[in-house]
Amino acid sequence: MNRFACLLPRGLIPAALALLLLMVPTARVLALPPPAQLFSLCWAAYSPTHYNPNTGVSPSAASIRQDLQTLLAAGFNGIVTYGADGVLGTLVPQIAQEVGFTGMIMGVWDPTSSTELANAVAAKDYSVVVGYSVGNEGLNVRYTLAQLEQAMQYLRDQTGKPVTTTEELGDYLPPNPLSSTLLSLGDWIFPNVHPYFAGILDPAQAVDWTVARYHDFQGLTTRPVLFKEVGLPSDGDTNNILSEDGQAVYYRLLWNTDVPFVYFEAFDQYWKTALPVEPHWGIFRSDRTPKRALASICGREGVPVSPQPPEPGARDGIGMYARANGTWYLRRLPAVGAPDFQIAYGGAWAAPVVGDWNGDGYDNVGVYDSSNGNWYLRNTNSAGTPDITVIGYGGDWGLPVSGDWNGNGTDTIGLFVPSTGEWLLRNSDSYGTPDLSFTFGGSWGYPVIGDWDGDGIDTAGIYNPMDGNWYLRNRHSSGGADIVIIGYGGWWGFPIVGDWNGDGVDTIGLFAYQTGQWLLRNSNSYGTPQIQLTYGGDWGTPIAGDWYGLGALSAETSGLLPFNENWDTINQLLSTIGTGYSLVDLLRFSLDPSSPLGATPTLMPAPPPATIMPVPAELPGVKPTPPTMPQG
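Scoring rules and cut-offs
Residues numbered from 1 in each chain as written. Predicted model: local features only at pLDDT ≥ 70, side-chain atom pairs only at ≥ 80, totals over all residues. Heavy atoms only, no water. Helix = DSSP H or I, 4+ residues; strand = E, 2+ residues; numbered from the N terminus. Buried < 20%, exposed > 50% of the residue type's maximum accessible area, 1.4 Å probe, protein only. Contact = heavy atoms within 4.5 Å. Polar contact = N/O pair within 3.5 Å; in protein donor to acceptor, adjacent residues only side chain to side chain. Pairing = 2+ DSSP bridges. Core = buried A, V, L, I, M, F, W, Y, C linked by side-chain atoms within 4.5 Å. Expected span 1.5 Å × (residues − 1). Arc of directions from axis to C-beta. 1 Å grid on protein atoms, 1.4 Å probe; cavity = no way out; pocket = protein on both sides within 12 Å on 5 of 7 lines; lining within 4 Å. Points joined across faces, edges and corners; volume = space filled by probe spheres on them. Nonpolar A, V, L, I, M, F, W, Y, C, P; charged D, E, K, R; others polar.

Okay, the environment of Lys-228 next. Among the secondary structure elements, Lys-228 is positioned in strand 6 (residues 227-230). Given the relative accessible area of 1%, Lys-228 is considered buried. Contact partners of Lys-228, with chain neighbours within four places excluded, come to Val-80, Tyr-82, Ser-133, Gly-135, Asn-136, Thr-166, Phe-190, Pro-191, Asn-192 and Val-262. Within polar-contact distance, the side chain of Lys-228 engages the side chain of Thr-166 at 3.4 Å.

This is how it looks when you write it as structure tokens:
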């Protein structure tokens, strides 16, 4: 069907609004004709990945190039941007032209910014830049009408290219006092039109609503109208109505109408946290992997889309959990940079846990409440209500662990009891009798989880922070360690586990809490770290997981928080050896807002020499009697 074939008759315009349509303002003479490409290109609203205006994190040229190549390969040939400050104003138009885009509508976020205006004028020499959009939902809030008009006319005069502006839908429609101004201000009309903010979440109903709003504009102006932002988020509503499937249906149906629009938006933006839906508007996730909508973007029907391959180096990523406010900062690779996901989920009462709770190949966030043994697990790395709640499996006598205990591809809950060294593991995320119960370790060490032999099953391990020794077991049973690593660590390092090189085997690592340094090994042996970087600091708990979704074999470590009185003795011991921290202190840091994530790495000095101790034939502290599980 022709994309611009009319689907809805004008009679669908509400009667009350139809009367107002008689109040069409007198159009002023167009200063410049609109871009010829306005209705011939498939447009995407573009903000870069690896970008956070809240913290000043800017993307690299390589990252922008990969963003734009990803969009071009998906079928987009036009992009709409929002700001012209820094690399947004210099690198984006340059790279868009180099990789082969046909059109770019360049945004100027602040009409009063001389830097943005200068960058916009300089970009006129790129043929890909076909017009400008000045401001975005800021009239009489961030800037005045006079400032906006002055900036728009300046760009027209200096570039010879058409210019417009953008406000919300309601500002364009009578009887809003801004209506006549906005309908005559730009060289084309470029509004933001979102069914979600009209309370419409059903995709078919959302398309009908969007089409009706387009017909409203046809009755209000003779100027060309291109909807700058339309879309449905893929997640974030409290009733769990939104989904990737719904987003895909909305875009597929909308393409087959007469509505010209810009897909909003290209990539999920993790830094948008004003509303729970804000990080979920993208056609792609923030790691550039496609959502389901991409199969029918720009008019293609059901074309399968392969995710972009991961950058070389690792499969499991790293992260930090800021316990003071329950914010997660997740990186899809163990590398320096801005978080790919920033999620508010948890709080000071919560211990972070990580797992692939639904078997989709992605590790996702969860929290455990030690005061009552409740687990609250999410199936996406996003804020929202729990997808899975387990009541009463645990308490302050046990530490949460998670892993794929039976090799079925789904991670499930478990407990480690420091006072006895008992492991109590469930093969489903539900309350019940432990499916696996054995003793291994005790209150002298931290529990760690990993697939140490690559058989697809996660098993137990213990890390002793006093001497840096690791004791790893390949079976769910009591006994000695199958793998012993001597001296890789000490009181200065917290244990972290992951499949850092994608070979299917989980290996050891350390997080130096005082410096934010990660020291990761690709084998379960003592030696020089193969991966070394700085990310985070002593304000958070380190975590690891496969956020990329390429098929994690394990849930890795859970960033365990020892709330147990059985740790008191070792806490007191550690606090006397000059660290300034106890074991509990290491994981109860308050958030330091000045701690930058993704700062230039500062390598720590070589860690203190390890004290080599004899390997025990059996692990100390093992007691045969497990605690009685509380009733849920």
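That covers the picture; the talk isn't over yet.
Here strand 10 (residues 341-344) shows a buried face lined by Phe-341 and Ile-343 and an unburied face lined by Gln-342 and Ala-344. Relative to strand 10, strand 9 (residues 327-331) runs antiparallel, the two sharing four bridges. Its bridge partner being in strand 10, Thr-327 is matched across the sheet by Ala-344.

Ranked by internal contacts, the top residues of the largest apolar core, which has 95 residues, are Leu-68, Leu-71, Phe-76 and Tyr-263. Looking at this core element by element, the count peaks at seven residues for helix 8 (residues 203-220). Look past the residues within four positions of Leu-68 in its chain and what remains in contact with it is Tyr-46, Ile-79, Val-92, Ile-95, Ala-96, Val-99 and Phe-101. Of all hydrophobic cores here, the second largest spans 31 residues; its members include Val-497, Trp-518, Leu-520 and Ala-544.

This part is about the side chain of Glu-229. Here Glu-229 is to be found in strand 6. A distance of 2.7 Å separates the side chain of Glu-229 from the side chain of Tyr-82, its partner in a polar contact. At a separation of 2.8 Å, a polar atom in the side chain of Glu-229 contacts the side chain of His-194. Those residues in contact with Glu-229, other than ones at most four positions away along the chain, are Tyr-82, Asn-136, Pro-191, Asn-192, Val-193, His-194, Val-262 and Phe-264.

On to helix 2 (residues 61-74). The terminal C-alpha atoms of helix 2 lie 20 Å apart, and with 14 residues this matches the ideal 20 Å at 1.5 Å per residue to within 8%. Turning to helix 2, its buried residues are Ser-63, Ile-64, Asp-67, Leu-68, Thr-70, Leu-71 and Ala-74. Angularly, the buried residues of helix 2 cover 150° about the axis, an arc narrow enough to put them on a single face. Residues of helix 2 that are exposed and point over 90 degrees away from its buried face: Ala-62 and Ala-73.

Of the volumes computed, that of the largest pocket is approximately 970 Å³. Along its surface, the largest pocket is lined by 40 residues, and Tyr-82, Trp-109, Asn-136, Trp-271 and Lys-272 are the ones closest to its centre. If you tally residues by element for the lining of the largest pocket, the top one is helix 3 (residues 87-99), at three residues. Across the lining of the largest pocket, the residue classes tally to 20 nonpolar, 11 polar and nine charged. If you go around the second largest pocket, you meet 37 residues; those closest to its centre are Asp-235, His-280, Thr-380, Asn-381 and Ser-382. Taken together, the elements giving at least two residues each to the lining of the second largest pocket come down to helix 9 (244-255) and strand 10. In terms of residues, the lining of the second largest pocket owes the most to one element, strand 10, which gives four residues.

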